[in-house]
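# Structural overview
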Amino acid sequence: MPQPVTYRGMSLIVPDNDSEWKEYYANARQHRLTLRACKACGLMRYPAMHACPWCMDLGWTWKEVSGRGTIYSYETVVHAIQPGFKDATPYAVVLVELDEQRGKPTADEALRIIGNLVKPDAVTFEDAKEVAIGRRVRVVFQDLGESMALPQFTLTDEPPQGRVWQLPE
Amino acid sequence: MAMKTLKDKYCIVGVGETEYSRGSGRTTRAMAVEAMRKAILDAGLRASDVDGVLDYQGGDSTFANHVAPDLGIRLNFYMDVMGGGSSTEALIGLAMGAIETGMCNTVAIYRSMNGYSEFRIGGTGARAAQPVRGMDLAQVPFGMRSAGQTFAFTFMRHMYEYGTTSEQVAHVKVAHSKHASNNPKAIQKERVTVQDVVGSRWIVKPLHLLDCCLETDNATCVIVTTAERARDLKARPVYIMGVAGRVSKPRVDYHWVHGPISRVAGYYAKDIVFGQAGIGPEDVDVTGSYDAFTFTTMLQLEEYGFCKKGEGGAYVSSGIIELGGKRPNNTSGGHLCEGYTHGMSMVIENVRQLRGTVDDTCPGAAEGKHSYDYSVGKCRQVRDPEITMNLGWAMPATGSALIMRR
């Protein structure tokens, strides 16, 4: 069993029998964002689930995606409850809609992934004042030891998608 | 397809609770015993009349088969259910089912928690020290663990899509604080203003401190039995018209993956519960919309059709949800002001509202004599309510509902 990775005071564990996350994080360590795609209907899903929620097929393959997307929602944590995040406040957590498979199989669906909004170095948290719904991001990988990396998101220069919105203060 | 219904065939006959405190200094077993004893006495029952017990918890409480024998209850049926918010209504439905099958006759349902002094909601303390693995890997490594952090995407997206403002939802806290000021049991009795709420410190944007409920030590209990049995008992029976339990959106584990995230479970639950009861939102006199946060009250009132989708902000800031308004919500002060109970206290309050015996400071409250003066420290009884509705919340993707009548 691989050793746990310590990150911000948390012990992150992906054991050998973790049939959801093991390959996802191994691929992330190679700086590849991969999702499961159904062998029957071809639709991707995140997080890695064991059956296709759209056609119930059990077969799947890992498919690499671009990691580009748009901030669909966000929050800014000002009062951290996890001790390892206290020195990082205020920090932004983003819910990113990937460009692939937007609006499929219904208009309300998309592939959505959670990450922190970080600088291009993948490690430093971005100024939380920069976060807004509609802004464009790309994935970057924060290496944690030899076997794991956290997919994070950083802002790009691309024009925003739709209306740009930030909580009025 | 028409919903199967047990409308008016079951009643809530007893309610009870401990003090709401921030430091009970005793076990969840001690508190559960006290709350259940009060509910049994409130109903005019004896221990031997209760033969079923249900409870819900998250590894933070005492099991039913430990609590019942302390009171001399011999069980024909018991079950401990995992879960927090939205469990009360769901377990009331399960109790009706257990009685309907003939497994037992009368069921006590309790929740007992040292939610402040022992197991706090945000995953701090003992829970925070556990390794992060499995489904937690999708959000915990990104500094997202507490209920507020997990729900905030939904709140923020609602503001983006519908123009809902912090000031609008602050009115939920304002209303509930008004109600709590007339509730001797409430932890936080001071009335607050919109400015107090939006001026309080940020926890996780868009939530300010006063948008969040009060972690509390307490136990609560309600007793369910048949309408036939209820008619012989001491208290005025409160009839169950409809119940929906833990109705969910297509994805519960990762609720932010699926569909429009500004939609909550009431979207699916409303047809079940209103279908059983044969009424609509306009027929409801008092609501108990779960206020883990100001936003959760607003989102549910909107999704169940008390206003149009997207107009929840306008609805909760219109005065309708305040005592003296058309349809008051959480007249006890709810989780935001009375204390956090994972939903049971809001059912208890509505039972008392329907009986006309809300425990305010009116001298004749226990006999149903009220002043209907809603100024500070006075009355919180609604005038002759006929139908109440509880909207239980576990998370954006899961909710329960209960419609009761007098």
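Above this text is the structure in question.
Being a predicted model, the structure only gives us computed values, none of them experimental.

### Remarks on the environment of Gly305 of chain B
Residues and elements named next belong to chain B. Assignment of secondary structure puts Gly305 in the loop between α9 (294-303) and α10 (312-316). Between the C-alpha atoms of Gly305 and Met36, which are 269 residues apart in sequence, the distance is 34 Å. In this structure Gly305 touches Lys270 and Pro281, once residues within four positions along its chain are discounted.

### Some details on the interface of chain A and chain B
Taken together, the 33 residues of chain A in the interface contact 35 residues of chain B. Every element with two or more residues in the side of chain A that touches chain B is listed here: β2 (10-12), β6 (68-77), β7 (91-98) and β8 (112-116) of chain A. Of the residues forming the side of chain A that touches chain B, the biggest block, five residues, is contributed by β6 of chain A. Residue classes in the side of chain A that touches chain B are distributed as 22 nonpolar, seven polar and four charged. Direction of pairing for β6 of chain A relative to strand β5 (residues 202-205) of chain B: antiparallel, over a ladder of two bridges. From the neighbouring strand, Thr76 of chain A faces β5 of chain B, where its bridge partner is Lys205 of chain B.

### Digging into the pairing of β8 of chain A
Residue and element names in this part refer to chain A. The element β8 is extensively covered by neighbouring structure, given that five of its five residues are classed as buried. In the sheet, β7 pairs with β8 via five bridges, with the strands oriented antiparallel. Bridge pairing in β8 places Val94 opposite Gly115.

### Notes on the sheet that holds strand β5 (residues 60-64) of chain A
Residue and element names in this part refer to chain A. Strand order in this open sheet of three strands is β4-β3-β5, and the pairing throughout is antiparallel. Sheet topology places β4 (44-45) and β5 at the edges, where each strand pairs with a single neighbour. Sheet topology note: the strand β3 (residues 34-38)/β4 ladder contains two bridges and is antiparallel. Bridging across to β4, Ala37 finds its partner in Met44.

About the thresholds
- Per chain, residues are indexed from 1 in the order of the written sequence.
- To read the labels, note that chains go from A and ligands from 1, taken in the order they are written.
- Since the coordinates come from a predicted model, pLDDT governs what is reported: local features require at least 70, and pairs of side-chain atoms require 80 or more to be given and counted, while whole-chain, interface and lining totals use all residues.
- Counting from the N terminus, the helices are the DSSP runs of H or I reaching at least four residues and the strands are the DSSP runs of E reaching at least two.
- A pair of residues counts as a contact when their C-beta atoms, built from backbone coordinates, are separated by no more than 7 Å.
- Ten residues, namely Ala, Val, Leu, Ile, Met, Phe, Trp, Tyr, Cys and Pro, are considered nonpolar, four, namely Asp, Glu, Lys and Arg, are considered charged, and the remaining ones, Gly among them, are considered polar.
- Between any two strands, pairing holds if DSSP finds at least two bridges.
- Our exposure labels follow a C-beta count within 10 Å of each residue's own C-beta, placed from the backbone: buried means 20 or more other C-beta atoms, exposed means 12 or fewer, and partly exposed covers the counts in between.

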